[in-house]
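Here is what each chain is made of, one letter per residue.
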Amino acid sequence: MSGTAGVACKFHPDAPLIEDYRAGDQICSECGLVVGDRVIDVGSEWRTFSNEKGGEDKSRVGGAENTLLGSSDLSTIIGPGRGGASFSSDGNAMYNNRRTVSSSDRTLINAFRTISNMADRINLPKTIIDRANNLFKMVSDGKNLKGRANDAIAAACLYIACRQEGVPRTFKEIVAVSTISKKEIGRCFKLILKAHDTSVDLITTGDFMSRFCGTLSLSRDVQKAATSIAKKAVDLDIVPGRSPISVAAAAIYMASQASDDKRTQREIADIAGVADVTIRQSYKLMLPRAAELFPQDFKFTTPIENLPQN
């Protein structure tokens, strides 16, 4: 029995009140009048089923709700029992995790986990993970990529999300953190764009320049020169048909060779994910017009005429 401030029986103001926690009522102990209803129990309602020793689990909620799942990700997990009451006479567990998760939700959960793992390995932020998850959900609901491996679709969604968020990654970078071939990811990428009218901006040499130069520990001046070389090479149509990645790599090679902070084709190729010969081919196209490509304020350590010929 307990009295509650501000609530009293109008016939017996001084009578203590009884709280019925099941019904949520406050009842006068003298006449039985229901004085208040819908009473909120402010006491602790939590119980712990954790098997961990030495600590109380005071969690009142489960995991974060995922609105992309049909069941809103509301489920109960029963921990493994240790006491004798947890097992039947023949030694089998009496309580199991009977999670009623649909097959479509199970597919989404596995795909979201795959996307998150891949993103973590190449240090992508949560915004890109969320966009990739939404894109996978859209593809899954559309049912236009039936027969394709879910891991390949997840990798393609992550690649598209990176480009849409303005931080593109190369196919080889995505392949490196997935278990799917570049060819299969490329197929899924094209199918998603075609089936769902999803657009991505064209990648340019500038999208990769700062990241490649940063990984190679090149100075700001070399990065500025490489950016200028690559942009002018594209604008002057010196490297027709070459991918932006190979042009960026060749521009970095040219700028570094003209400075005192030189890098080899092999070092740049390892970072850019392209072959040495690819860099060499683009570099040979750019070398005859190198004087037009360098910014005017660039300080040459190695003159243009002394740059490597291949």
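Please read all numbers here as calculations on a predicted model, not as lab measurements.

A tally of helices and strands in the chain yields eleven helices and three strands. The helix and strand sequence of the chain, counted from the amino end, reads β-β-β-α-α-α-α-α-α-α-α-α-α-α. Within the chain, buried positions represent 35% of all 310 residues. The contacts of the chain with a sequence gap of at least 6 include a subset with a gap of at least 24, amounting to 58%. Accessible area of the chain: about 18800 Å², with a carbon and sulfur share of 49%.

This part takes up helix α6 (residues 206-215). Taken residue by residue, α6 has Phe 208, Met 209, Phe 212 and Cys 213 as its buried positions. Projected onto a plane normal to the axis of α6, the buried residues spread over an arc of 125 degrees and lie on a single side. If you follow the buried residues of α6, they end up packed against α7 (220-235), α8 (244-258) and α9 (265-272). Remark: Ser 217 follows α6 within two positions and exhibits a positive phi of approximately 60 degrees.

It is at 8 Å that the axes of helix α3 (residues 150-164) and helix α5 (residues 182-196) come closest, and there the two elements cross at 65 degrees. As for the relative orientation of α3 and α5, their crossing is right-handed in sense. Counted together, Ala 152, Ile 153, Ala 155, Ala 156, Cys 157, Tyr 159, Ile 160 and Arg 163 of α3 and Glu 184, Ile 185, Cys 188, Phe 189, Ile 192 and Leu 193 of α5 form the full contact between these two elements. Of the residues assigned to the contact of α3 with α5, the class counts are twelve nonpolar, no polar and two charged.

Ranked by internal contacts, the top residues of the largest apolar core, which has 38 residues, are Met 209, Ile 229, Ile 252, Met 254, Ile 279, Met 286 and Phe 294. Those elements that provide at least two residues to this core are α6, α7, α8, α9, α10 (276-286) and α11 (290-293). Examining the composition of this core, we find that eleven residues originate from one element, α8, more than from any other. Not counting residues within four places of it along the chain, the set of residues in contact with Ile 279 comprises Ala 249, Ala 250, Tyr 253, Gln 265, Ile 268, Ala 269 and Val 274. With 37 residues, the next largest nonpolar core counts Leu 68, Ile 115, Ala 155 and Ile 180 among its residues.

It is worth spelling out helix α1 (residues 103-121) at this point. An ideal rise of 1.5 Å per residue puts 27 Å on 19 residues; α1 measures up with 27 Å between its terminal C-alpha atoms. Looking at the buried residues of α1, the elements they touch are α2 (126-142) and α3. Trailing α1 by a residue or two, Asn 123 shows a phi angle of about 55 degrees, which is positive.

Non-glycine residue Ser 217 carries a positive phi angle of around 60 degrees. With respect to the helices, strands and loops of the structure, Ser 217 is situated in the loop between α6 and α7. Within the chain, Asp 237 stands out as a residue other than glycine whose phi angle is a positive 60 degrees. By the secondary structure assignment, Asp 237 is in the loop between α7 and α8. For Asp 237, a relative accessible area of 54% translates into the label exposed.

Right, let's get into the sheet that holds strand β3 (residues 34-36). Here we have three strands laid out as an open sheet, ordered β1-β2-β3, and antiparallel in their pairing. Both outer strands of the open sheet, β1 (17-20) and β3, are each paired with one neighbouring strand and no more. The average undirected angle you get between the axes of adjacent strands in this sheet is 40 degrees. Bridge analysis of β1 against strand β2 (residues 25-28) gives four bridges, and the strand direction is antiparallel. Counterpart to Ile 18 in the pairing with β2 is Ile 27.

As a further point, take the pairing of β2. Where β2 meets β3, two bridges bridge the pair, whose relative direction is antiparallel. Each residue of the ladder has a partner; that of Ile 27, found in β3, is Val 34. In sequence, β2 turns back onto β3 through a hairpin of five residues, with Gly 32 there showing a positive phi of about 80 degrees.

Below, the discussion takes up the environment of Leu 218. By the secondary structure assignment, Leu 218 is in the loop between α6 and α7. Between the C-alpha atom of Leu 218 and that of Lys 262, which follows or precedes it by 44 residues, the distance is 8.7 Å. Leave out the neighbours within four places in its chain, and Leu 218 touches Cys 213, Ile 252, Ser 256, Asp 261 and Arg 263.

On to the packing of aromatic side chains. Applying the stated rule across the entire model yields eight aromatic pairs. Centre to centre, the rings of Phe 171 and Phe 189 are 5.8 Å apart; their planes meet at 80 degrees, and the pair counts as edge-to-face. Of the two residues, Phe 171 is situated in helix α4 (residues 171-176) and Phe 189 in helix α5; the sequence distance between them amounts to 18 residues. Neither residue differs from the other here; Phe 171 and Phe 189 are each classed as buried.

Another aspect to go through is the side chain of Ser 256. Within the secondary structure, Ser 256 is located in helix α8. Using a relative accessible area of 0% as the deciding quantity, one classes Ser 256 as buried. Aside from chain neighbours lying at most four places away, what touches Ser 256 is Leu 218, Val 222, Asp 261, Lys 262 and Arg 263.

Parameters at a glance
- Once a new chain begins, its residue numbering starts again from 1 and follows that chain's sequence as written.
- This being a predicted model, a pLDDT of at least 70 is required before a residue's local features are given, and a value of 80 or more before pairs of side-chain atoms are given or counted; all residues contribute to the totals for chains, interfaces and linings.
- Side-chain numbers come from the whole structure's heavy atoms, not from hydrogens or water.
- What counts as a helix is a DSSP run of H or I of at least four residues, what counts as a strand is a run of E of at least two, and both are numbered from the N terminus.
- Per-residue accessibility, obtained with a 1.4 Å probe over protein chains only, is compared with the maximum for each type, and a residue is labelled buried under 20%, exposed over 50%, and partly exposed between these values.
- The contact rule is simple, with two residues in contact once any of their heavy atoms fall within 4.5 Å.
- We get accessible surface area from the Shrake-Rupley algorithm with a probe of 1.4 Å; when it comes to residues, only the shown protein chains can shield them.
- What the arc covers is the set of directions going from the helix axis to the C-beta atoms.
- To get an axis, a line is fitted to the C-alpha atoms, and for a helix only the part in contact is used. The angle between two axes follows their N-to-C directions and goes from 0 to 180 degrees.
- Crossings are classed by handedness, with left-handed meaning an anticlockwise turn of the near helix from the far one by less than a right angle and right-handed meaning a clockwise turn.
- Any residue outside Ala, Val, Leu, Ile, Met, Phe, Trp, Tyr, Cys, Pro, Asp, Glu, Lys and Arg is labelled polar, Gly included; the first ten of those are nonpolar and the last four are charged.
- In these notes, a set of buried Ala, Val, Leu, Ile, Met, Phe, Trp, Tyr and Cys residues joined through side-chain atoms within 4.5 Å is what counts as a nonpolar core.
- To estimate the expected span of a helix, subtract one from its residue number and multiply by 1.5 Å.
- For two strands to pair, DSSP has to find at least two bridges joining them.
- Planes of paired rings set the category: under 30 degrees apart is stacked, over 60 is edge-to-face and the rest tilted, where pairs are Phe, Tyr or Trp rings (Trp by its six-membered ring) whose centres lie within 6.5 Å.

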